[in-house]
Amino acid sequence: MGENLNITGGAGGLFGFAPQDFGWTEMDYYRLQSQLWQLMEKQTRRYTSGDSSSIPVEIAEEIKQGIYFCIGSYFNANGTAAENADALRTEPLSDLFRKGQQVVWRQVEVGKSRFGRALETAISIKNISYMDTLRALPDFFKQYDVFVMAHDIPVMIDYQLAVAVPETCRGIDYINEYLRRLVIENVFCGYFDAAVVERLLRAEYADFQLDLINLFEPVFRNALGLHLLGKPVNALNITEDDQKNLLALFHTREKSQIRQICGEAFLSLCESMHFNEKDAADYLNAVAMGIAGRIAAFKETGLRQIFLSF
Amino acid sequence: MADQFALSPFNLQKMAAVVELRALNELTVRFGLYLSEEKIQNIVEKRFEALKDTGRIEFGQGILKALVYEFCDSPYINADNYEEILFELLDSFYYFKNESMDSISDDELMQFMKRHFDGDCEGSVDYLNGTSLEALCRYAKGMDKDDGTAIDYEDEEV
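Presented here is an overview of the structure given in this document. (Residues numbered from 1 in each chain as written. Chains lettered and ligands numbered in written order. Predicted model: local features only at pLDDT ≥ 70, side-chain atom pairs only at ≥ 80, totals over all residues. Heavy atoms only, no water.)

Topic: the overall build of chain A
Helices and strands together make up the secondary structure of chain A, namely 11 helices and one strand. Traced from its N-terminal end to its C-terminal end, chain A shows the element sequence α-β-α-α-α-α-α-α-α-α-α-α. Taking the principal axes of its C-alpha atoms as reference, chain A extends roughly 70 × 40 × 35 Å. In chain A, buried positions account for 49% of the 310 residues. Taken together, the 30 basic and 40 acidic charged side chains of chain A have centroids lying 3 Å from each other. (Helix = DSSP H or I, 4+ residues; strand = E, 2+ residues; numbered from the N terminus. Buried < 20%, exposed > 50% of the residue type's maximum accessible area, 1.4 Å probe, protein only. Lys, Arg positive; Asp, Glu negative; His and termini not counted. Charge placed at Lys NZ, Arg CZ, Asp CG, Glu CD.)

Details of the packing of helix α4 (residues 64-71) of chain B against helix α5 (residues 82-99) of chain B
Residue and element names in this part refer to chain B. Relative orientation of the contacting elements α4 and α5 amounts to 125 degrees, with a least axis distance of 11 Å. When the axes of α4 and α5 are compared, the pair comes out oblique. Crossing of α4 against α5: the hand is right-handed. Across from Leu64, Leu67, Val68 and Phe71 in α4, the residues of α5 making contact are Tyr82, Leu86, Leu89 and Leu90. The class makeup of the residues in the contact of α4 with α5 is eight nonpolar, no polar and no charged. (Axes fitted to C-alpha atoms, helices over the stretch in contact; angles between N-to-C directions. Parallel < 35°, antiparallel > 145°, perpendicular 65-115°, else oblique. Left-handed = near helix turned anticlockwise from the far one by under 90°. Contact = heavy atoms within 4.5 Å. Nonpolar A, V, L, I, M, F, W, Y, C, P; charged D, E, K, R; others polar.)

Things to note about the interface of chain B and chain A
Contacts between the two partners involve 24 residues from chain B, matched on the other side by 21 residues from chain A. Summed over both sides, the interface between chain B and chain A buries roughly 1,900 Å², with carbon and sulfur atoms accounting for 61% of that surface. At the surface where chain B touches chain A, the tally comes to zero salt bridges. Our count for the contact surface shared by chain B and chain A stands at eight residue pairs in polar contact (both at pLDDT 80 or more). Secondary-structure elements contributing two or more residues to the side of chain B that touches chain A are α1 (2-5), α2 (9-28), β1 (56-58) and α5 of chain B. Its residues assigned to classes, the side of chain B that touches chain A shows 11 nonpolar, eight polar and five charged. Note that strand β1 (residues 54-56) of chain A and β1(B) share three bridges and pair antiparallel. Across the sheet, Pro56(A) pairs through a bridge with Arg56(B), a residue of β1(B). (Buried area = accessible area lost by both parts, 1.4 Å probe. Salt bridge = Lys/Arg side-chain N within 4 Å of Asp/Glu carboxyl O. Polar contact = N/O pair within 3.5 Å; in protein donor to acceptor, adjacent residues only side chain to side chain. Pairing = 2+ DSSP bridges.)

A look at the environment of Gln160(A)
All names here are of chain A. With respect to the helices, strands and loops of the structure, Gln160 is situated in the loop between α5 (128-143) and α6 (171-189). Distance from Gln160 to Tyr178, taken between C-alpha atoms, is 9.6 Å for residues 18 residues apart in sequence. Setting aside anything within four residues of it in sequence, one finds Gln160 in contact with Leu212, Ile213 and Asn214.

Quick look at the pattern of salt bridges
Applying the stated criterion across every chain yields a total of 30 salt bridges over all chains. In this structure, Arg98(A) engages Asp95(A) in a salt bridge whose closest nitrogen and oxygen atoms are separated by 3.6 Å. Pair noted here: Arg98(A) and Asp95(A) are both in helix α4 (residues 93-120), with a separation of three residues, about one helical turn. We classify Arg98(A) as partly exposed; its relative accessible area is 40%. The class of Asp95(A) is partly exposed, set by a relative accessible area of 27%. As a salt-bridge pair, Lys114(B) and Asp118(B) come within 2.9 Å of each other at their nearest N and O atoms. Here the residue Lys114(B) and the residue Asp118(B) both occupy positions in helix α6 (residues 106-118), the gap between them amounting to four residues, near one helical turn. Overall, the relative accessible area of 22% leaves Asp118(B) in the partly exposed class.

A closer look at the environment of Asp211(A)
All names here are of chain A. Here Asp211 is to be found in the loop between α7 (194-204) and α8 (216-228). The exposure class of Asp211 is partly exposed, given its relative accessible area of 25%. Put simply, Asp211 and Tyr159 are 52 residues apart on the chain and 10.0 Å apart in space, counted from C-alpha to C-alpha. Sequence-distant contacts of Asp211, defined by excluding residues within four places in its chain, comprise Asn127, Ser129, Tyr205 and Ala206.

Below is the structure:
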């Protein structure tokens, strides 16, 4: 950590803005540094239960990140960059931290609600990492330390989403976004017969029950392929004729055209399925763009690894 | 005005530690122990050096005051070796906080060090480091006995 707590984090700042862009003086930085030091002292005492006056630098860094996360959460939920820069200058840091913790607590409640939804909509396919993750997530809410380490994720999340949550997401923000995407995937898969999904997964993976895989993406992929051909999607199977037709559809297209086709197709697919999951469009578009990228890469050699026959 | 901006929290901590040690002279002088201004400055610098060497940081008062308070009545500390012993104790203290993975509180570690420094170690910090403190940290890392109960190292032969 060095002899100076680097509180402003350089360009862009750690709070979503750069204080130097808002006319901060040297005295402002000094004041903030002093307040952060005092808050670190208080948080250290809390972390060690008053048993230790000193802590390893690595732990101090984690405690600092916890403070930043809470204050950042408050700023993300309130005010413009200019207003937040002003608040950072004029309001006691401990007050901003406390307000941030309240924002984080509210997000924890959102997370619990989303987890409940994830359980309600859970895919019935037996996959070890999927089931282990659902079992582990309640531990997150038990172990999550809003008081000192709000930036931390104190559980292992094994199950891979079709599009991973960015690693810049931390703490409860990561969990909430993870659960949001998981629910979207769960609900989509819920439209299909579990036995059909299992046959599809067997065509994709050596051992879909044990492998660290995403259960939703192959389903979405095949549904997208069938929809592009104007066929019912329930059976999920891409026949030999379907393979030829899909290849013909994409073979001569440029990458940008493939992206456009896939982008439009997932929207109309969701409409035809009456898939109404709130705020799903962005996520499903990201999944569709991933598929488009693979189609563009393999359109010369064949699309059998993308659209599965079983 | 410009000088104020040069006062980082570290410098403020140093100033506070100097004031603290000056005040402690009033207590320790009863045991024949007194730190000159130069020695006070040396010890304060040593504290930060020991923290840096062990990769640790203190935000509050730190252990200097408690360390002086705990050891000032030791029969093995006199005016000649007072500064040197404090240097060594600071090094030991932070080193063994790390070695014990912070599983031992400041008070417990300091009391343990004092008891053995005055006892079987007969005023040798080297001996204290190599024997009692090493054994203490082994217990701290081992944590539990075979029957699953926690080791009370106060009761154990160290």
